[in-house]
Amino acid sequence: MRTITSSDGTEETITARRAESADAQAISRLIRPSTEAVFGRVNVLYLLEKTNLAVTLVNAQREVVAHAAFIDYPNLGTADQADWESWLHNSYSSETCSPLNTLFMHLFVAHPDFSIGSANEIIRTVFSAVTELQFIYLFVPTSASLEPALSAIFKQVEGLQESTTDSPFTAFVCERHDHCPALHIRKARVEDHDDLTPIFAQHTNKLQSTYGDYFLAELIEAQDEDNHAAVCESEGTAVGFMSLSGDVNVHLLNECFELGLFHGLCKPHPEDILEPPSEPHGEPETDTSRHPSHRPESVLSQQSHTNSEQDPLEVQTARSTKQADMTDSSGKHGGSRRESAMSDVSDRELTELCSAETAEGDISPAARNIEKITTDTFAAIYKGTLNAFCVQLFVIEGKYEIRSVDFLPYIFKLYPERDFCIITVPKLTPEFPLLQSFVRVIPRHTSTFGQELYVYHRSGLFKCFNVRMAKSSDRMGIESLVQNLRLRQSILEGVDLFCRARRDRDGTPLQAFVAEVLDQIVGILIIKNEEDIDYIRSHYNIENFIYFSHHRQDEHAQLLHFALNPVFQHYAKHFFKEALRLSYKSCLYYPVYPPQGEVKDAYAHPLTSALNCMVPVRPRRQIVYPLEELGTNAPSRRVSEDQAPYALNHLNRKLTLEPKVTINARIVLVGSSDTGMAFLEVLAFCPHLRFNNITLISTHGFPDGCSKDLVKTNFLATSHCYSERDHAMLSLRSWVNVVEGKMKGIDRAAKHVLVSEGRKVLYDHLVLCTGQQYQVPCPTGADISQLCTNRELAVRPDQRYTGPTPSNLFTVNDQRDCLKLHNWLQQNFLHLEGNAVVYGNTIDVFTTTETMLSLGVSGSRIHLVQPPLDTAVTCFNNPAVERAVDGALRDAGVTVHHNGLLAQWNDGKDSEPITSVSFTTDTTPVKLQCSVFISFYKKGVDSDAFKAVNDACLVYDGKLVIDTAFHTNDPVVRAAGPLTKFARRYHADEWSHQVFSSREVGVQLAEALLPFFDPTLETAADLPVELDRLVPKYTGAKTRGAKLPGGYYYLHAAKPGPDTPLQAQMSHAKYGREIVTGSASTGDYFRLHLNQHGEVQTITCLSRTPFPASNYLCLYGESEQLLNRLCERCDEGLVSDLYSYFREPWCLAIYHDRFMDFKREVHQIMASRQVPDSPSLAEIIQQIVDGELVLTGDPKQHLRAISEQHGLRTPVERSALNYLKYNRQQLPMFALPGLI
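Residues numbered from 1 in each chain as written. Predicted model: local features only at pLDDT ≥ 70, side-chain atom pairs only at ≥ 80, totals over all residues. Heavy atoms only, no water.

Looking at the pairing of strand β30 (residues 737–740)
Within a regular beta strand, the side chains point alternately toward one face of the sheet and then the other, so they alternate between its two faces. Selection rule: Think of it in three bands: residues with accessible area under 20% of the maximum for their type are buried, residues over 50% are exposed, and the middle band is partly exposed, with areas taken using a 1.4 Å probe on protein chains only. Segments assigned H or I by DSSP are reported as helices when at least four residues long, segments assigned E as strands when at least two residues long, and all are numbered from the N terminus. Here the rule is simple: two strands pair whenever DSSP picks up at least two bridges between them.
Side-chain alternation along β30 places Asn737 and Val739 on one buried face and Val738 and Glu740 on a second face that is also buried. For strand β29 (residues 694–698) and β30, the ladder comprises four bridges, and the chain directions are parallel. Each residue of the ladder has a partner; that of leucine 696, found in β30, is valine 738.

Structural notes on the packing of aromatic side chains
The cut-off we apply is this: Each pair of aromatic rings taken from Phe, Tyr and Trp, with Trp reduced to its six-membered ring, is defined by centres within 6.5 Å and is described as stacked if the planes are under 30 degrees apart, edge-to-face if over 60, and tilted in the remaining cases. In our convention, an over-ring charge means Lys NZ or Arg CZ found within 6 Å of a ring centre and within 35 degrees of that ring's normal.
Under the counting rule described, the total for this entry stands at 51 aromatic pairs. With 4.9 Å between their ring centres and 80° between their planes, tryptophan 84 and phenylalanine 104 make a pair best called edge-to-face. One end of the pair, tryptophan 84, is in helix α4 (residues 84–91); the other, phenylalanine 104, is in strand β5 (residues 102–110), and 20 residues separate them in sequence. Under the relative-accessibility criterion, tryptophan 84 is labelled buried at 0%. Aromatic pair phenylalanine 1107 and tyrosine 1139: ring centres 6.1 Å apart, planes at 45°, arrangement tilted. Pair noted here: phenylalanine 1107 is in the loop between β52 (1096–1103) and α30 (1109–1113) and tyrosine 1139 is in helix α32 (residues 1138–1141), with a separation of 32 residues, a long-range link. According to the relative accessible area criterion, phenylalanine 1107 is buried, its value standing at 16%. Following the ring pairs from residue to residue traces out a cluster consisting of Phe1086, Phe1107, Tyr1112, Tyr1139, Tyr1141, Phe1142 and Trp1146. The ring of phenylalanine 498 is capped by arginine 502, whose NZ or CZ atom sits 4.0 Å from the centre of that ring. Directly above the ring of tyrosine 774 sits lysine 939, whose terminal nitrogen or CZ lies 5.1 Å from the centroid.

Quick word on the nonpolar core
Spelled out, the test is: Residues grouped as a nonpolar core are buried Ala, Val, Leu, Ile, Met, Phe, Trp, Tyr and Cys residues, joined through side-chain atoms within 4.5 Å.
One finds Phe465, Leu559 and Phe679 to be the most contacted residues of the largest nonpolar core, which totals 87 residues. Per-element accounting of this core gives the leading share, seven residues, to helix α22 (residues 674–684). Judged by nonpolar contacts, the second largest core, of 64 residues, contains Ala26, Tyr73, Leu103 and Val109.

A short note on the confidence of the model for the protein chain
Test applied: On a scale of 0 to 100, pLDDT captures the predictor's confidence in every residue. Contacts: residue pairs with any heavy atoms within 4.5 Å of one another.
Here the protein chain averages 85 in pLDDT, and 88% of its residues register 70 or above. Segment residues 600–606 is flagged for pLDDT under 50; beyond a separation of four residues in sequence, or across chains, it makes 44 contacts in the model.

A few points about the pattern of salt bridges
Operational definition: Put simply, a salt bridge is a Lys or Arg side-chain nitrogen that is within 4 Å of an Asp or Glu carboxyl oxygen.
A complete count under the given rule lists 54 salt bridges for this structure. The partner of glutamate 493 in a salt bridge is arginine 505, with the nearest N and O atoms 2.1 Å apart. In this pair, glutamate 493 is assigned in helix α16 (residues 488–501) and arginine 505 in the loop between α16 and β20 (510–517), connecting sequence segments twelve residues apart. With a relative accessible area of 32%, glutamate 493 lands in the partly exposed category. Residue arginine 505 is classed as partly exposed on the basis of its relative accessible area, which comes to 44%. The shortest N-O distance in the salt bridge between aspartate 970 and arginine 748 comes to 2.8 Å.

Observations concerning helix α25 (residues 843–854)
Formally: Multiplying 1.5 Å by the helix residue count minus one yields the expected span of that helix.
Taking 1.5 Å per residue, twelve residues should reach 16 Å; α25 reaches 17 Å between its end C-alpha atoms and fits that length. When you tally the buried positions in α25, you get ten out of twelve residues, the bulk of the element. Among all positions in α25, only Ile843, Asp844, Val845, Phe846, Thr847, Thr848, Thr849, Glu850, Thr851 and Met852 are buried. In the stretch just after α25, glycine 856 is the one whose phi turns positive, near 105°.

This is the structure we're talking about:
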């Protein structure tokens, strides 16, 4: 915050921030006639959509005081935005201006009293935000004059007489050195000590306490040929300090980091061994799902490096052993052609095989091949001399830190023979401005180095980074750039198509751009027109970033190829910005397909470095349309069709100058449960944050890595949290490192997790979401020959089994287990004789039985053994559903044994394999022949996870104990999900995370952690123990779905909370009412439970016909009044089938993903005071509820009368019409005024 002074001496505290669309109305109110005279008539919202940088000043009351917009082309229509540079140089004295260092002011408005101070603050902010910016130009009609605020800042530019004699515009320029000058860098002197000591004291006192009060003076005095110290000064005062050393342990750095791209920080030497031993040549068949490319932080989608023996800019791409295997082809699917990367190609995490947090950790199978060819089988050996120096100490006063880059030219002069400057910083250190010009180096997967390494090359000092349209003559330079890439042929083919026809094979317009420095090509970028923008708009929340109505159809483009020399990685966003300007585009999209996607010929582009410049876009929940009933009122095919799912990344003009906050903290998540996936989703989709070190430890990696056929053979029920399609459209694997293995231990002192086979994963924040799994059941050992019953058992049936697991015993906990069981049944059971014994009483028992029946297993071969219930609540908790399922099992010939407890297998003899199993019951024991035993007995905490937690001295009381902020007794170890329980001080043993929606819990977990990293959020203070007594309130429905015996499709969504028998619920005085249509036996059962307030609290569907479960889940929590007065219609006998009722067109507006936004808007209207000095409708309702307002008549009638008096009907109707109008693409079945 800063203070500005008005013309009459009034002071105002203001804050500068980036402009938002919500500012448009306030900005428009500041426009005056003099503003229009200078800038013309301005559509503010349109301008905000197209501007590269827009700055707004707000006061303490958050009122807009001033605003300015800056774009990368002139604010006049006579100059072509793609060719303004030559026009400007030919018309004005502007030889030093370039697209890299120049912006143009397109609007400035301010409160009249604060215009001068506001203008100065905005200009200072812009120069501080854009490091490379040197000039801001403004073109003013000759008939207009600048207002005093601007005339004090801008000076007129001398025009070239022959070009500007008749020009209707006058050019003005504002230069950096007048407002935010570069700092003077010089050699440090001992007398700088007094100036620098307070700056050091602001940051740390460790140096002083460790090395004494005069360590800084001693460091300055110790300068020699190899050690230097520099200061930056402003107005004669030292405001920053940098200590440099030429002594670099390059051997250690090469052991810990992937430095091959920088030639190991050594000079080239004839004896360098850069390639593995020669092998037979030949282009290997490429499998993009198994050879991901390097992470964006490596700067290389094109993994190039500079060869110091050649010209400093001579690009030599990295050795082929360092390249990602990539393919490039095109194809069509579903009538719509899209070209992109398989997700593993963009898997920054999987490809950062060397990250410190995955130290010695396993990686997913998709990444093992690339690991094998890079690190395990070959490591380069460098014999050359050292080619780097390091920054060992750096500090600068906060208000000057944006000019930290001014040190770079000076320090490279101190080491003229070395090409690299390196910095190592602790992982918890926020990325300061100087590092934004450096390249983050990928740590090796074997590294335990506790710091991040950043590298800067001498050639990065060049400011002549030029972007232009590609030409045929560039082919040789492009070929040199990509010569060792597996996609080189695809890139070159794209260049050839552009040069020959300007179109791709489908006829879609194609554009190619190159980046060059000193006439050498250092980057290539290829885009094509985005022809599927309607699908993108309807399936992704792209409108979180842009207003579609302000972007023409031809302004959207899809990114095909991107390659950039790592030396110039800090210019990557400028490369994109220039490509958008030169191509007349405003939006860029990059789709990422899953590794097992349906698009077999999808492009696998090396665009991992592009992801750092882009933002991931969340997919939208889709309405399942009854297309036959809608007929011509159905949405267009582009909206309703199902394309192959992909994750979408986006960049627009507004984002090209918006930096991300880089977080290097090591966040390790253990467990790929729904809770864990929700946690990762929140972190990955923070558009202004970039997490470099998120690691997932999971037995089988991500839950999306199974065969597509598994969807048809799923042995488990679903929670409806994440589907295979959801995983594909999120592509979390693009942002998260994966270590495959089980957690074996936690070393809290050393802060690492011990994974299978002794591997270590280091962490700064550890999150445990392992959940609970079905465990191998432990036989009680009862001798059934003695005819004993369950009551006579001497051993508890739920003790942990510690022996060897028989090969034909299966516990199914995830998709990989499903696939394993399916394959085993195909090979060893389906076509042979013998029985399958399914043991348990959860819903998964019935799902597995139905799956086996669908595979062709005769019902007579299936024995379902149900152990006694721990509570009176069954897995369905609905007698009608239970009777229908029991009847289906009888009809299929499945034998059901009730209250059976496993006594022995193979009569207590050798258990490999299981040939017979025996059970005790309440009456007579049962012995069954057994060829396969599938257990769903009880879920519990995995034994390895329990041992790890217990040995780490984390409090465990039946489950891992946490507080309401997810903390364990270790402040950096958090936990959530069914693994956990609340501490006993909450007196809420029944209210653990297990009874809530896992996805909602995961979101809350992420939101509890985000304030530690997000500078826009405030860290919530922990409540004192004496006040921390209430558990959090979660409101999302607890949901499950399955396909049950008899071909029944089942869905159940209910209010979260401890299980209570249905009959006990219905006997409660405030239960509400239920609405039931159809019958479970006939396969059209639909039950709604409404609470006493008329809100939907339970949804149960059992149908032999598939139904749109995602639609029905939208009904949860809604009022029956909203559902077309459901109760009244049922009482009148107008609703005989709820399936048909909720398929009617009026329901579709409720199923829309933005319906909740509309509801919130209506609630705001109700809560607002429409009549001055009168309570709002919401306040009146609260008064009635609290008994402060006593009514004699019907409260509803009274409230209806109040709403009429306050005129609420009109704004509510207007809001409803706006909702339908804005979402007409998905809701065309609703008629709007003017259409009928």
